[in-house]
Amino acid sequence: MHSTLDRPKTYMGVLLALGLTHLLNDLIQSLIPAVYPIIKESYALDFVQIGLITLTFQIAGSLLQPVIGFYTDGRPAPYSPVLGMTFSLAGLTSLAFASSYAMILVSVALIGIGSSIFHPEATRMARYASGGRQGLAQGIFQVGGQAGGALGPIFAAVLIVPFGQPSLAWFTIAALVAMALMVWIGGTQNAMRQAFTAARSARAGSAEGHKPHAPFTIGLALVVLTLLMFSKNAYGESFRSFYTFYLIDRFDLSIPAAQMMLFIFLLAAAVGALLGGIVGDKIGRYRIIWISVLGPLPLTLMLPYVDLFWTGVLTVLINLIMASAFASILIYAMDLLPNRVGLIGGLFYGLNFGLGGIAAAILGGLADTYGIETVYRICSFLPLAGLLAWFLPRTETR
């Protein structure tokens, strides 16, 4: 066993700041689906057009991420998240005053580009700051993002519904605060990187150093992880984009009441992300991936047939379990390619955006054709994809 002197310092202040910036970034993102019920009525949109808004945002947020991550693997850019937040600021301002469907699409694309620049370098910083406690670090980073996503429906119910689309401009304050935090975090990256690199070098020479994985092993694992991400994101997107419509249509809820239930659902994701990271440090990523993707299946199969109370209970439990997957999938992939942290961060955050957008467009078409309740019956079988975890290489990723 290597000594604790070989273990880098855990920069808890940096991790908390990263979690807060992730919260602010994802809060801005979450305002897009949160405002759907308003713009659907204002612009007479159908579900396909709603799905295309999500697709535009997600594609813009996915295409650049692997490219930026690959580039910054060789040329660290600690202040690039500040540039990303500048795009988000412009997109949010544009969305607040958009007067046409085309302008809405341009606005959400700018926010997506901002996120694509933010995530790869922020993910690398979380790894540097982890002090070897990768699950904890990614859990804190993820819980920030999930909490930000959960706040969108709250603000929609409290501010955006009463004051309308222009009230989105108030949230430019969140972008400015995030920019200030990322400037401070960027100034700490050099010291964190040196400590992290020194610890890795020390471990590489010890008995605990891991040999590089074979290309076939890496390729197989990345394909399986991608398929697992798609099933997880498709199910999650059915809630982020269409849950409020489902509640309004089936249970005749008001828009604010439906937004509050969406907030509770998304808050469960924040808790699940943190727990998944911490537990993954204890029992390994492989087990967490199995549990989080396949585990919710009995609950998802029950969901379309229960009353309002049990709908709320089941959706919280489903998201609590399912949200624990992302940190473990990300760390599992990073352990396979430890020298490509930026690429992996960009690839999997990009997949998170892109696959979610594709799923939203498909589900929007199904909702228009067969009805929103049928969509949830179809989606209830998606956790069966968790059986693909059987094909993941049994690598030690704790």
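Read on for an overview of the structure. The shown structure was predicted, so the numbers you read here are calculated from the model rather than taken from an experiment.

Conventions adopted
Residues numbered from 1 in each chain as written. Predicted model: local features only at pLDDT ≥ 70, side-chain atom pairs only at ≥ 80, totals over all residues. Heavy atoms only, no water. Helix = DSSP H or I, 4+ residues; strand = E, 2+ residues; numbered from the N terminus. Buried < 20%, exposed > 50% of the residue type's maximum accessible area, 1.4 Å probe, protein only. Areas by Shrake-Rupley, 256 points an atom, 1.4 Å probe, with all protein chains shown as cover. Patch = residues over 30% accessible without salt bridge, like charges linked within 9 Å, V, L, I, M, F, W, Y side chains within 5 Å. Salt bridge = Lys/Arg side-chain N within 4 Å of Asp/Glu carboxyl O. Axes fitted to C-alpha atoms, helices over the stretch in contact; angles between N-to-C directions. Parallel < 35°, antiparallel > 145°, perpendicular 65-115°, else oblique. Contact = heavy atoms within 4.5 Å. Nonpolar A, V, L, I, M, F, W, Y, C, P; charged D, E, K, R; others polar. Expected span 1.5 Å × (residues − 1). Bend = angle between axes of the 7 residues up to and from the residue. Polar contact = N/O pair within 3.5 Å; in protein donor to acceptor, adjacent residues only side chain to side chain.

1. Quick look at the overall build of the protein
Argument step 1. For the protein, the helix and strand inventory stands at 15 helices and 0 strands.
Argument step 2. Once the C-alpha set of the protein is aligned to its principal axes, its extents read approximately 65 × 45 × 30 Å.
Argument step 3. Out of the 398 residues in the protein, the part that is buried amounts to 57%.
Argument step 4. As displayed, the protein has an accessible area near 15,400 Å², and 71% of this comes from carbon and sulfur atoms.

2. A few points about a nonpolar patch on the surface
Argument step 1. Side chains of Val-271, Leu-275, Val-279, Leu-317 and Leu-320 sit close together on the surface and give an oily, nonpolar patch of about 350 Å² of accessible area.
Argument step 2. Among the elements of the structure, helix 9 (255-283) and helix 12 (308-322) are those that each provide at least two residues to the nonpolar patch.
Argument step 3. With 3 residues, the single largest contributor to the nonpolar patch is helix 9.
Argument step 4. Inspection of the secondary structure assignment puts Val-271 in helix 9.

3. Quick word on the packing of helix 9 against helix 10 (residues 285-294)
Argument step 1. One can describe the packing of helix 9 onto helix 10 by two numbers: an axis separation of 7 Å at closest approach and a directional angle of 135°. In terms of axis orientation, helix 9 runs oblique to helix 10. Contact with helix 9, carried on its side by Gly-276, Gly-277, Val-279, Gly-280, Asp-281 and Ile-283, involves Arg-285, Arg-287 and Ile-288 of helix 10 and no other residues of that element.
Argument step 2. Class assignment of the residues belonging to the contact of helix 9 with helix 10 gives a composition of 3 nonpolar, 3 polar and 3 charged.

4. Some thoughts on helix 3 (residues 47-74)
Argument step 1. Along its 28 residues, helix 3 runs 42 Å from first to last C-alpha, staying within 8% of the 40 Å computed at 1.5 Å per residue.
Argument step 2. The axis of helix 3 is deflected most strongly, by about 30°, at Gln-65, and proline Pro-66 appears within four residues downstream.
Argument step 3. Between the side-chain oxygen of the N-cap and the backbone nitrogen of Val-48 there are 3.2 Å, and the N-cap of helix 3 in question is Asp-46.

5. Section: helix 9
Argument step 1. Across its 29 residues, helix 9 extends 41 Å between first and last C-alpha, which sits within 8% of the 42 Å expected from 1.5 Å per residue.
Argument step 2. Regarding helix 9, its N-cap is Ser-254, as a side-chain oxygen of that residue lies 3.3 Å from the backbone nitrogen of Ala-257 further along.
Argument step 3. One or two positions beyond helix 9, positive phi appears at Gly-284, with a value near 100°.

6. Remarks on the environment of Leu-110
Argument step 1. Here Leu-110 is to be found in helix 5 (residues 101-129).
Argument step 2. We classify Leu-110 as partly exposed; its relative accessible area is 24%.
Argument step 3. Sequence separation between Leu-110 and Leu-89 is 21 residues, and the spatial gap between their C-alpha atoms is 8.5 Å.
Argument step 4. Here Leu-110 is in contact with Phe-87, Ser-88, Ala-90 and Gly-91, once residues within four sequence places are set aside.

7. Quick look at the environment of Arg-133
Argument step 1. Locating Arg-133 in the fold gives a position in the loop between helix 5 and helix 6 (134-163).
Argument step 2. Separated by 123 residues in the primary sequence, Arg-133 and Thr-10 have C-alpha atoms spaced 7.6 Å apart.

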